[in-house]
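Breakdown of the fold
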Amino acid sequence: MNVDGQKYRTIWLAEDGWAVEIIDQTRFPHSFETTRLENLQDAAHAIRSMQVRGAPLIGATAAYGICLALRADASDVSLMEACSTLLETRPTAVNLRWALDLMRKALLPLHPEERAAAAYTLANQICDEDIATNMAIGLHGAEIIANIARTKKAGERVNILTHCNAGWLATVDMGTATAPIYMSHDGGVPLHVWVDETRPRNQGAFLTAWELGKHGVPHTVIVDNAGGHLMQQGEVDLVIVGTDRTTATGDVCNKIGTYLKALAAKDCGVPFYVALPSPTIDFTLSDGLQQIPIEERSGDEVRAMTGRTAAGSVETIEIVASGSDVANPAFDVTPARLITGLITERGVLEANGKAIATAFPDRISA
Ligand SMILES: CSC[C@@H](O)[C@@H](O)C(=O)COP(=O)(O)O
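Residues numbered from 1 in each chain as written. Predicted model: local features only at pLDDT ≥ 70, side-chain atom pairs only at ≥ 80, totals over all residues. Heavy atoms only, no water.

Under an unreviewed UniProt entry, the protein has the name Methylthioribose-1-phosphate isomerase and belongs to Roseibium polysiphoniae. Quoted verbatim from the Function (unreviewed entry) field of UniProt, the annotation for the protein is "Catalyzes the interconversion of methylthioribose-1-phosphate (MTR-1-P) into methylthioribulose-1-phosphate (MTRu-1-P)." Per UniProt, the protein has the following entry under Pathway (unreviewed entry): "Amino-acid biosynthesis; L-methionine biosynthesis via salvage pathway; L-methionine from S-methyl-5-thio-alpha-D-ribose 1-phosphate: step 1/6." (UniProt positions renumbered as here; feature names shortened; annotations may be inferred.)

Let us now look at the site of the ligand. Near the ligand you find 18 residues, and of these R53, R90, Q203, N254 and K255 are the closest. For the ligand, an oxygen atom lies 2.8 Å from a polar atom in the side chain of Q203. At 2.7 Å, a side-chain N or O of N254 approaches an oxygen atom of the ligand. For the ligand, whose free accessible area comes to 420 Å², the fraction covered by protein is 100%. The cavity that encloses the ligand is the largest cavity. Sorting the residues of the shell around the ligand by element identifies α2 (55-72) and β11 (252-255) as the ones contributing at least two each. A per-class count over the shell around the ligand returns seven nonpolar, seven polar and four charged. Taken domain by domain, the shell around the ligand gets at least three of its residues from each of domain 1 (2-128) and domain 2 (140-365). (Near = heavy atom within 4 Å. Polar contact = N/O pair within 3.5 Å; in protein donor to acceptor, adjacent residues only side chain to side chain. Areas by Shrake-Rupley, 256 points an atom, 1.4 Å probe, with all protein chains shown as cover. 1 Å grid on protein atoms, 1.4 Å probe; cavity = no way out; pocket = protein on both sides within 12 Å on 5 of 7 lines; lining within 4 Å. Sits in = over half its atoms within 2 Å of the grid points. Helix = DSSP H or I, 4+ residues; strand = E, 2+ residues; numbered from the N terminus. Nonpolar A, V, L, I, M, F, W, Y, C, P; charged D, E, K, R; others polar. Domains from an automatic or database assignment.)

Side chains of nonpolar character tend, in soluble globular proteins, to be buried together. Grouped together as the largest cluster of nonpolar side chains are 41 residues, with contacts concentrated most on I11, Y64, I66, L86 and M103. Among the elements of the structure, β4 (20-23), α1 (40-48), α2, α3 (76-87), α4 (95-107) and α5 (112-150) are those that each provide at least two residues to this core. It is α2 that contributes the most residues to this core, twelve residues altogether. Beyond its immediate stretch of four places on either side in the chain, M103 contacts A63, I66, C67, A119, L122, A123 and I126. Counting residues in each nonpolar core, the second largest holds 33 residues, with M1, Y8, I148 and Y273 among its members. (Core = buried A, V, L, I, M, F, W, Y, C linked by side-chain atoms within 4.5 Å. Buried < 20%, exposed > 50% of the residue type's maximum accessible area, 1.4 Å probe, protein only. Contact = heavy atoms within 4.5 Å.)

Spelled out as structure tokens, the structure:
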């Protein structure tokens, strides 16, 4: 997407053709900075520290992490160790395992001398495919928005609520939940987005608001607890969120707080959609609540907030009474029964095993 007139992806090869550059997402929204990854440890650190985050981008970064590892040492041991180092960086987004499995299966049979070049080709392909997938999700999701827009009176806009950041910053480009929004907005559909701030790391307030703003999409940041009230007041036409892992039966794991939005949406009769690329479906799982590992992140993310002071410096302050315990589960699971539809690259599916299996027979057998 464009940032002040310059086209960016979230991850790309440096001019030297081997190092990897990323947008450092820990600096948002106070500054826009890019950083260079030169080895496996840089790539693992970028994922762990959330310089890059969002399920598809985590997968893409891991793929380039393999490239960097093989550039230094293309042996079988190096490949296997790189896969296990990267796999341990974050537990919930299944795109990480998907990308590593893809890389390992393709590269292990090759002669070590061929591996690094083949790894770069494959990682580039993963990135290009991510964008094509998101464009397809955008087209399918835009139809849903267009149908709602047709029910509106002149001058009324479609109000969409989203949680966390499933925007272009969470993918290689376009985003998943935001792809239908960008396409509809660019196509002239009047719309407005309610952006959940998404405590504790504020991906909504810091990232989604930033990228919607840069693209000129009307939006309003709300505290995480406001969504239910807005739905009761008829101020939300539909919810679109992303996901880090979706079971073969349609249970959706996404940023903590997603489940509460789905409950409120059900109670208020508001359609609740999940936008996802097929690498986010974990075909080995059938019960999201029992089987999806939920990342527990540092309590410091709950205890503190970072922001810009009136004097212009970026500072971190404590916001919890000292001595209190904190807990920080980073994701929750929304059962399939609360989901109106899954917006995938192969169309909008019902959230159930039959619909998913019918749309992705090739992925099940793989
Ligand atoms: C297209 S991204 C989908 C999800 O990865 C996104 O909604 C999300 O929850 C991201 O969590 P994060 O902890 O910021 O990596």
